[in-house]
Protein chains: 2
Amino acid sequence: MDAAGELLAERGTAFTLPDLARASGVATATVYRHFAGVHDVFAEFYQRLIDELVAELAGLSARTRGRRRFEAACARWVALAAGWGRAATHIRSADGFLERVRRDDPPTSALFEELAAIIEELVADEVLPPQDVEYAVLVWVTLLDERVIVDLTSTLGWSAKRVGRTLAESVLAALAVP
Amino acid sequence: MDAAGELLAERGTAFTLPDLARASGVATATVYRHFAGVHDVFAEFYQRLIDELVAELAGLSARTRGRRRFEAACARWVALAAGWGRAATHIRSADGFLERVRRDDPPTSALFEELAAIIEELVADEVLPPQDVEYAVLVWVTLLDERVIVDLTSTLGWSAKRVGRTLAESVLAALAVP
């Protein structure tokens, strides 16, 4: 998976299972035993990133609540995505986020549950007005897109801290309209 | 290009130049005379969509200004993107929007210029506080992403009118924070 991340960052999705075997220093046959094709590699890579994010978000719920939890979630998300870098920008699904939630795609649904719980807490704490939680989560995941985070850190040269704070403010302001 | 749009909507980017020739009813040699590879087809398809959007946005500047111009721009954008449908979701660049603007990618730069002019007018009219125009345009293009528009119209079943109005409100609220 580390080798897959390096190949994705360098070449995008234009690599083969033999390329992956070479990059990871294992036999081609071993790679073919694990994956039917490169699309399985992308799916597993994506699953790992989302698992990592979901684990971080779940960890926050024990320690913080309301606005602080929301801000900490954005900060951790940006820090993780800045670490993933360009690799993550190449494996974005062409299907909608809510479409994947409704068909119970496991990583997408797990992420939705974590984010929806935070939005519902913000509404319960009257930080945000009552609202359509599906739309609210869609706005949040859309603004914290990996490509946006890479653009702000690499193209504009912002620190991960500034990106997290600014995107958190933008999401909260967007959702403050009832 | 119509045939390319149909193939993109049906199969994503998984088609070849001979597939395109068959779908458009022209000789394979003719398709090879126009395109060196399918990536050229995607690039031309993307260029046409953005040209269409930029032409619509430029047309608005003669007729409206300020907040009305911003709202009309969002409405026209959503109506166009709803027409493009899923085809457009498959050809999104993995590179950042601002990264493409800074390297003077022609369609991206033309779109940036139109959107930046509208943001600057909103600031001049005091609808929005003074702000970083690059960040403001990034928030705008990110929330009006084709995948978001397809998700809201197809997954949630919202009308294009409702999507345009809601996204316009969210963008404006996000940018109202100084």
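The numbering scheme is per chain: residues are counted from 1 as the chain's sequence reads. Naming scheme: in the order in which they are written, chains are lettered from A and ligands are numbered from 1. Whole-chain, interface and lining totals are the exception, using all residues; otherwise, since this is a predicted model, local features are given only for residues with pLDDT of at least 70 and side-chain atom pairs are given and counted only at 80 or more. Remark: hydrogens and water are excluded; side-chain values derive from all non-hydrogen atoms of the structure.

Novice: I would appreciate a short explanation of empty space enclosed by the protein in the present structure.
Specialist: Unfilled space is identified by rolling a water-sized probe across the atoms. In this analysis the probe radius is 1.4 Å and the grid spacing 1 Å, with only protein atoms considered; a cavity is a set of points the probe fits into but cannot get out of, a pocket is an open set with protein on both sides within 12 Å along at least five of seven lines, and lining residues have an atom within 4 Å of a point. Grid points are joined across faces, edges and corners, and a volume is the space filled by probe spheres set on the points. Counted by the stated rule, this structure contains two cavities of 30 Å³ or more. Estimated volume of the largest cavity: approximately 370 Å³. In DSSP terms, a helix is any run of H or I states spanning at least four residues, a strand is any run of E spanning at least two, and both are numbered starting from the N terminus. Taken together, the elements giving at least two residues each to the lining of the largest cavity come down to helix H8 (133-143) and helix H9 (146-155) of chain A together with helix H4 (38-61), helix H5 (66-84), helix H6 (97-102), helix H8 (133-143) and helix H9 (146-155) of chain B. Here the lining of the largest cavity gets four residues from one element, more than from any other, and that element is H4(B). The nonpolar class holds Ala, Val, Leu, Ile, Met, Phe, Trp, Tyr, Cys and Pro. Asp, Glu, Lys and Arg form the charged class, and all remaining residues, Gly among them, are polar. Its residues assigned to classes, the lining of the largest cavity comprises 18 nonpolar, four polar and nine charged. A volume near 240 Å³ is recorded for the second largest cavity. What lines the second largest cavity is a set of 19 residues, and nearest its centre among them are Tyr46(A), Ile50(A), Arg100(A), Glu146(A) and Arg147(B). Elements that contribute at least two residues to the lining of the second largest cavity include exactly helix H4 (38-61), helix H5 (66-84), helix H6 (97-102) and H8 of chain A. Per element, the largest residue contribution to the lining of the second largest cavity is four residues, and it comes from H4(A). Here the lining of the second largest cavity is composed, by residue class, of twelve nonpolar, two polar and five charged.

Novice: Got a minute to help me understand unusual backbone geometry in this structure?
Specialist: It is generally the case that most residues other than glycine have a negative phi and that most peptide bonds are trans. For Glu126(A), which is not a glycine, the phi torsion comes out positive at approximately 60°. If you trace the backbone, Glu126(A) turns up in the loop between helix H7 (106-124) and H8.

Novice: It is not clear to me how helix H1 (residues 2-11) of chain A should be interpreted in this structure. Could you clarify?
Specialist: For an α-helix, the turn length of 3.6 residues means that residues three or four places apart are oriented alike. Categorising residues by exposure relies on relative accessible area from a 1.4 Å probe, with only protein chains included: less than 20% of the type maximum marks a residue as buried, more than 50% marks it as exposed, and the intermediate range marks it as partly exposed. Of the residues making up H1(A), those classed as buried are Ala3(A), Ala4(A), Gly5(A), Leu7(A) and Leu8(A). Tucked into the core, H1(A) has its buried residues touching helix H2 (17-24) and H4 of chain A. Should any heavy atoms of two residues lie within 4.5 Å, those residues are considered in contact.

Novice: Where do I start with the UniProt feature "domain: HTH tetR-type" (unreviewed entry) in chain A in this structure?
Specialist: UniProt positions are given in the numbering used here, feature names are shortened, and annotations may be inferred rather than shown by experiment. UniProt's feature table lists "domain: HTH tetR-type" (unreviewed entry) at residues 1-53 of chain A, given in the numbering used throughout. The annotated region residues 1-53 of chain A carries 77% helix and 0% strand content, and the separation between its end C-alpha atoms amounts to 16 Å.

Novice: Can you help me understand the UniProt feature "DNA-binding region" (unreviewed entry) in chain A in this one?
Specialist: On the UniProt side, "DNA-binding region" (unreviewed entry) is annotated at positions that read residues 16-35 of chain A here. The distance from the first to the last C-alpha atom of residues 16-35 of chain A is 11 Å, and the span holds 75% helix and 0% strand.

Novice: Mind showing me how you'd approach the layout of surface pockets here?
Specialist: Here the largest pocket is characterised by a volume of approximately 1600 Å³. Along the wall of the largest pocket there are 45 residues; nearest its centre are Thr13(A), His90(A), Arg92(A), Thr13(B) and His90(B). Mapped by element, the contributors of at least two residues to the lining of the largest pocket are H4 and H7 of chain A together with H4 of chain B. Residue composition of the lining of the largest pocket, by class: 17 nonpolar, 15 polar and 13 charged.

Novice: Hey, could you run me through H4(A) in this one?
Specialist: Residues and elements named next belong to chain A. Its 24 residues give H4 an end-to-end C-alpha distance of 35 Å, which sits within 8% of 34 Å, the value for a rise of 1.5 Å per residue. Turning to H4, its buried residues number three or more, namely Val38, Val41, Phe42, Phe45, Leu49, Ile50, Leu53, Val54, Leu57 and Leu60. Residues of H4 that are buried sit in contact with H1, H2, H5 and H7. In a helix, the anticipated span is given by 1.5 Å times the number of residues less one.

Novice: Quick question: what am I supposed to make of the pattern of salt bridges here?
Specialist: Two side chains carrying opposite charge are able to pair once their charged atoms lie near each other. Residues and elements named next belong to chain A. Salt bridges are counted wherever a side-chain nitrogen of Lys or Arg sits within 4 Å of a carboxyl oxygen of Asp or Glu. On inspection of all chains with the given rule, the structure shows 27 salt bridges over all chains. Here Glu121 and Arg65 are joined by a salt bridge, their closest N and O atoms 3.8 Å apart. In this pair, Glu121 sits in helix H7 while Arg65 sits in the loop between H4 and H5, placing the two residues 56 residues apart along the sequence. By relative accessible area, Glu121 is classed as buried at 12%. A relative accessible area of 49% places Arg65 in the partly exposed class. Between Asp145 and Arg92 there is a salt bridge; the shortest N-O distance is 3.4 Å.

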